[in-house]
Structure formats: C-alpha cells, structure tokens
Amino acid sequence: MRYEAKVALRYLLSSKMQTALLIGGVGVGVLVFCFMSALINGLASYQIEQTVGSIPHITIEPREQTPKVLGGTDGTLILPAILRDNTQRSQIRAWQTVLDTVLADDNVRLAVPVVAGNGFITRGQAVQPVSITGVNPEQLSEVAAIGPAIIKGTTDLDLNGIIIGSRLARNLSIDVGQTLVIRSDRGGQRDVKVRGIFSIGVESLDERVAYMNFKAAKALLNLDNGISRIEIKLKDLDVAPALSASFAVSTGLKVTSWVEKNKRLFDAIQGQGSTGSLIKFFSIVTIIIGVSSALLLTTVRRKSEIGIMRSMGMTKGFINRVFVIQGVLIGLLGAAVGSSGAFAFTTLVMQLAVRADGSRVFPIDPSQGAYVAGIMLATVASTVAAILPARAASRVDPLEAISQ
Amino acid sequence: MTTTIEKPTEKVAERAPLLSVAGLTKNYVIGDLVTPVLKGIDFDIYPGEFVAMLGPSGSGKSTLLSILGTLLKPTAGHFFMLGNDLTEADERELTKFRNRNIGFVFQYHHLLPDFTALENVMFPAVASKLMDDVEAEVRATMLLNRVGLGHRLNYRATKLSGGQKQRVALARALMNNPALVLADEPTGNLDRESAHQVMELLAEINAESGTTFLISTHDPEIAKRCQRKITIIDGKVDSIETNPTVKQDVAAA
Ligand SMILES: Nc1ncnc2c1ncn2[C@@H]1O[C@H](COP(=O)(O)OP(=O)(O)OP(=O)(O)O)[C@@H](O)[C@H]1O
Ligand SMILES: [Mg+2]
C-alpha cells in the first residue's frame, strides 16, 4: 500500500495543473453541497423558530363532544345524534391537577393556563366583537409574542387591564388609559382600562383579539371552575409529538403538538429539503463524472508505464490501488478545500446580507453546512469515481503498452 | 568507479537447462485471419549463457521473447523455466514469477518519468516488497555504479540521455537478480557509441555475475560477442551456432 501511495502521489504531483483543477472541481462540488445545506437548514430553522416562537409546542384542550347514540323508548329505534351542550362552555375542570402532571415532566419548560371566549366591547354607540384571551400577566409573553408588537402603552395586565389591537382601537377611537365596557357571551360584564395597543400586522388579529388578566377573564367568561386550555413550551421541540401522545393518555384530554397544527409548514420545509437534496445529489454526481474522466485520461497517458510495471511483476491489484488512491487523495483534498471554502463563504454571506435593521436577507446558517456529510460524500464519490479508471488501468495489456 | 556483481554460484553449478522450449507455436488471430508466426520452436538455454537471437524482420523474435517473458500466451507447445511449466501457470503465479526471475530490457527504455534513476532501479524490489528500502537502495546504488551512472542517482529519468536511460533500464532489469534477462533489440534505439557501451555492459555483467541473457538483435557486433546464436527464420529455428571465438566457460551446448 505504501508504494502504491507513493506512485499515486507522484502521478498527482507530476501534472500539477490537472491535479489542482481536479481538487478545485471537487472543492466546488463540496462547496455547493455545504452551501445548500447551510441555506436549506438555516431556512428551515428560521421558519420553525418564527413559527414556534409564537405558538405553543403542545396544547391541552377539553375533549370534543362526541356523537351520542340515543336509544328509542321501545328499544328498537336507534338514532345517532350530536348533542351539544350549549349551556356549558367546554372547559378543563380539574386543571390544577393536569397542570401539575404536565409540569412534573422534565421536558416541559413552561405550562400556561389560558381562558378564552368571545365577547363584545361597547363604547358609546359602537359595538365590536372580540375574542378574549386571559392569561397570568407574567406569562403573557409566553402565550403571545406581542411584546415587540406593542405600539403604545405597556403589557401590564392588572385585574382591570386590557390590551387590544390597533384596528380595534381605531374603530372605537380609543387610546391607552381610557376605559371601556367588555361583555362576554355568557352575560358577564366588566369595566376595563386600555393598558396597551399592539399591531401584529395581521388585520383579523389587530381587529379581533384582546388580552385580559387571567382571573378577570375567568370571571367574565363564567369559567369559575375551569380553564379553556393549557399551553406548553418545551425545552426540546423534537419530543413534542411523542410527549403529546403520552399526555393524551395521562390526562385523558385532547392534546395536540405544534407539528400537527403546522402540517403545511412541514410540507414546505420538506419541499425545500428535497430541492436541496436534488442539487446536492447533482453536485456529487458532477464530482464522480469529473474525477472519473480525468483519471481515465491519466490511465491512457500512463499506459506504457502501467505496462512496464505489470511486466516487472506488479500485480493488477497494485495498479488498481495506484489509481484508487489518487481518487481518495483528490477527494480528501477537494473536500478540505470545499468545506473550508463553504464555511468562509456562508459566513461572509451571513455577515454581508444584512438589512439596515439588522435582520438577515438570507437565513443562511454557516453552522448547519453538513460539513462532515459533505466531506465524507465527496471522498466516497471521488473514490468510487476512481474505480472505473483503476479497473481500466489494471487491465492494460503490458505487451500492447510496451510495443506501442 | 567499477563495481563487480558477485556470482550467484548455484546458478553456475547447475547443469540442467534454465530454459527449455518445446514445440512452441503462436498464431495471431485477427477476425477470421489466422497468421502463424511461430511454427514449432525448440531450444534450450543453460544457466550463465549469453545467447543472441537473430533473424530477419518479422521472423517472430519479439513474439518469442514476449512468450518467454510470460507477457503473451503461446498457441501450443510448452516452455519450462527453473523447473516450472510456465504455459500452465495462472496470471497471479506468472506475475510473481516475472518479478522474481525475469528481467526485461526493451528497445525503448520505459523508465517511469516521475521517478529518479535510483527509484526506477529500486522499483521492482520495493514495490513488490521483495526487499526493504535500505537493502534495495544499497543494491540499486551498486547497480547504477556498475552501469556507470553513480553520479546520476537522483536525476529524474527524463533528465538522462538516451544511452543513460537504457543503462538505467538495464540496472532495473538486474535489480531482483533474475535468472534470465530477455532483451529485445536493447541497442536498437541508440547511437553507435551508446549502443557499444550498453553492449559491453551486457557482456561484462554476464561474465561477472553469470546472469543468463537472451538478446534479440540485428547488430552483428552483439552477435559476435555471444556464445551462441539462435537464428529464427519464418517462425522456425533455422540454426543454432556456437561462437568459437567466445570463451565457453558456462555453456553446456
Ligand atoms: N499483435 C499482433 N497481431 C497480429 N500480428 C502480429 C502482432 N504482433 C506481431 N505480429 C506479426 O507477427 C510477425 C512477427 O512479428 P515480430 O514482432 O515477432 O517480429 P520480429 O522478428 O520481432 O521483427 P523485427 O526484427 O522487425 O522486430 C510479423 O509478421 C507481425 O506482423
Ligand atoms: Mg522485434
């Protein structure tokens, strides 16, 4: 092996230009591979982060009411029907127990009880329907990322406080500090003071959503004994599907993970992933074709040398290894050049492609360049590419090569 | 500086033929066309002999040397070397046999251009792990000194003159101390002066070391120096002559 390596190295060094081009070619393939990985993975992380930052990772809700089967009085007639109990808002009753169960799990970073319902805000003659969300003031930021969206006032939710959207405020011509009356669809009523006004940029949200103190909303919505849902944030996103299944069993409630609620996002990420894989696949194919054709040319050029080596008693295996080792060396060097180039390039793109406000144009992430995979694939590809030329070389007829 | 290659005494003592060729034929087949080139060749060569093979162009000398060098399969017949029927051996065995027992010198030197003279000579020994680096370097240096290239050890093969290249090729052929050196028109590409030098070396090394040589040539000067001349005409042995002017110290014929 040692001597084969020596011959391989001599061959590579003897045509420095060709070798440099080959290493450069493999390098570009690896660069494309790693750059695409950094871009696709960075984009996926960015999208998940954007989504997951504002939504619960797991949500626990009351069970949906299921159809009940009504037996006829004579015992023969069976009439399936959905009986909706409209007099009672669906709620989690023994919610403290559920909360304790959930919080006992090590994966759970935070579990927030939330009450939610519908109501109206009246001011003078104007009436506006709102969707009320009640949370503990210190947990508001976990339920809704409205902190950065506040355009006026604060996010302090005392018992008499309310935070509303900018469109609603405009419709009611109301400002921070002013008082209004909120009524729930359960008949509750309360005077509240506007503490803050947010603008998320989504019309329906800015017009319809109002945040209130947990206790105040609970009373307003007639939810004395229960809550509407528990929103959970996890330490590790990946465990969400498994954990939600386990919570469903332990609580007997309806438990949904963020993955189920964001199927479209996942489809989109997967789509991006497949596009990226295709590009990466072709970058590897390019490496194989390039290395293979260059080494094939070398075998033709070195035919008489191969012939003389065979006549001196070098085995076919020896000749084979000389060429495979060239492939391995080209692959390793190309991978080293390409992966370090990719890291430098993605880092540069990340630093340069920044908008004035500091946000990034490309959500590229240099740390997600899949360098190990790129290096290994390129080395394997380059080695595989050498197999064909190596076989051709080992089959050179020494006599034909010598007498030419 | 001249170095003498010591004699492997066991080869000299041997009385049995080193190489025995029996009824060897070769047909080249191209499509439907069968060209008989060798039509039944028989001769023996004894250890330590210095034999010339003569014959007009196209008579089949190169074809015969290729077969004896195990680079080409005969159509029929057998040949034996060191007691082995090489027509029966498989590819692996032949590769190893070539490495250990046969040295080649061709009309063209066929040196590896990316290696130095020393590395070229060491190659057959180190690449096949027959010798370690130190042992091989000592022997290769000795051989290059012997062919008068002690001052060109670390020259790239491409930087040497034609005659020098051929002398490196000769040293390489001798590296593994082969039982038989097959030389196909070894001086065919050289100017008179270089050809003479190479010729002298072949004869001297044969005399010093007892290495057996079979040399195909058109050069009457070479033929004069040989102990025996085998003349091939039209694929057959036309005559085998013993040269009375050359000292017959080892030949048994
Ligand atoms: N590979 C081959 N295929 C077909 N015919 C061949 C092949 N090699 C040689 N021949 C033919 O075999 C015959 C003998 O060729 P060979 O090279 O052995 O002759 P030679 O005695 O070495 O001649 P020279 O003195 O010119 O070197 C020639 O007629 C040649 O055309
Ligand atoms: Mg010839």
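Residues numbered from 1 in each chain as written. Chains lettered and ligands numbered in written order. Predicted model: local features only at pLDDT ≥ 70, side-chain atom pairs only at ≥ 80, totals over all residues. Heavy atoms only, no water.

In this section: the overall build of chain B. Each helix and strand counted, chain B has eight helices and 10 strands in total. Its C-alpha atoms give chain B principal-axis dimensions of roughly 50 × 40 × 35 Å. Looking at the 253 residues of chain B, the share that counts as buried comes to 57%. Here the contacts in chain B between residues at least 6 apart in sequence split such that 70% fall between residues at least 24 apart. Total accessible area on chain B stands at roughly 10800 Å², and carbon and sulfur atoms take up 51% of it. Across chain B, the mean location of the 27 positive side-chain charges is 3 Å away from that of the 31 negative side-chain charges. (Helix = DSSP H or I, 4+ residues; strand = E, 2+ residues; numbered from the N terminus. Buried < 20%, exposed > 50% of the residue type's maximum accessible area, 1.4 Å probe, protein only. Contact = heavy atoms within 4.5 Å. Areas by Shrake-Rupley, 256 points an atom, 1.4 Å probe, with all protein chains shown as cover. Lys, Arg positive; Asp, Glu negative; His and termini not counted. Charge placed at Lys NZ, Arg CZ, Asp CG, Glu CD.)

Interface size, as often reported, equals the accessible area lost upon joining of the parts. In terms of domains, chain A is made up of domain 1 (2-51 + 266-403) and domain 2 (95-261). Using C-alpha coordinates to define each centre, domain 1 of chain A is positioned 54 Å away from domain 2 of chain A. (Domains from an automatic or database assignment.)

Residue and element names in this part refer to chain B. Overall, mixed pairing links the six strands, which are arranged S6-S7-S8-S3-S9-S10 in an open sheet. The open sheet has two edge strands, strand S6 (102-105) and strand S10 (236-242), and neither has a second partner. Averaged over all neighbouring strand pairs, the angle between strand axes comes to 20°, with direction disregarded. Seen against the sheet, helix H6 (residues 162-174) touches S6, strand S7 (180-184) and strand S8 (212-216) and runs at an angle of roughly 170° to S6. Each of strand S3 (50-54) and S8 touches helix H7 (residues 192-209); the most contacted strand, S8, lies at about 155° to it. (Pairing = 2+ DSSP bridges. Axes fitted to C-alpha atoms, helices over the stretch in contact; angles between N-to-C directions.)

Before going further, it helps to examine the interface of chain B and chain A. With 24 residues of chain B in contact, the opposing surface of chain A contributes 26 residues. Between chain B and chain A, the buried area comes to about 2200 Å², and carbon and sulfur atoms account for 62% of it. Of all residues in chain B, B:His110, B:Asp114 and B:Phe123 bury the most surface against chain A, accounting for 24% of the area lost on that side. Between B:Asp133 and A:Arg2 there is a salt bridge, and its shortest N-O distance comes to 3.1 Å. Of all the secondary-structure elements, those providing two or more residues to the side of chain B that touches chain A are helix H3 (91-101) and helix H4 (117-126) of chain B. In terms of residue class, the side of chain B that touches chain A is made up of 11 nonpolar, five polar and eight charged. (Buried area = accessible area lost by both parts, 1.4 Å probe. Salt bridge = Lys/Arg side-chain N within 4 Å of Asp/Glu carboxyl O. Nonpolar A, V, L, I, M, F, W, Y, C, P; charged D, E, K, R; others polar.)

Attention now goes to the site of ligand 1. Residue and element names in this part refer to chain B. With respect to spatial proximity, 13 residues lie near ligand 1, and among them Ser 57, Gly 58, Lys 61, Ser 62 and Thr 63 are the closest. Ser 59 places a polar main-chain atom, nitrogen or oxygen, 3.3 Å from an oxygen atom of ligand 1. Contact distances for ligand 1 include 2.7 Å between an oxygen atom and a side-chain N or O atom of Ser 62. In terms of residues, the shell around ligand 1 owes the most to one element, helix H2 (residues 61-68), which gives three residues. (Near = heavy atom within 4 Å. Polar contact = N/O pair within 3.5 Å; in protein donor to acceptor, adjacent residues only side chain to side chain.)

We now examine the pattern of salt bridges. In this structure the tally under the stated criterion is 20 salt bridges over all chains. As a salt-bridge pair, B:Asp114 and A:Arg302 come within 2.5 Å of each other at their nearest N and O atoms. With one member in each of two chains, B:Asp114 in the loop between S6 and H4 and A:Arg302 in the loop between helix H10 (263-301) and helix H11 (303-311) form a pair that bridges those chains. Judged by relative accessible area, which is 3%, A:Arg302 ranks as buried. A salt bridge links B:Asp234 to B:Lys39; the shortest N-O distance between them is 3.0 Å. In this pair, B:Asp234 is assigned in the loop between strand S9 (228-233) and S10 and B:Lys39 in strand S2 (residues 33-45), connecting sequence segments 195 residues apart.

By the secondary structure assignment, B:Asn206 is in helix H7. Filtering out sequence-adjacent residues up to four positions away, B:Asn206 remains in contact with B:Gly48, B:Glu49, B:Phe50, B:Thr211, B:Thr212, B:Phe213 and B:Gln227.

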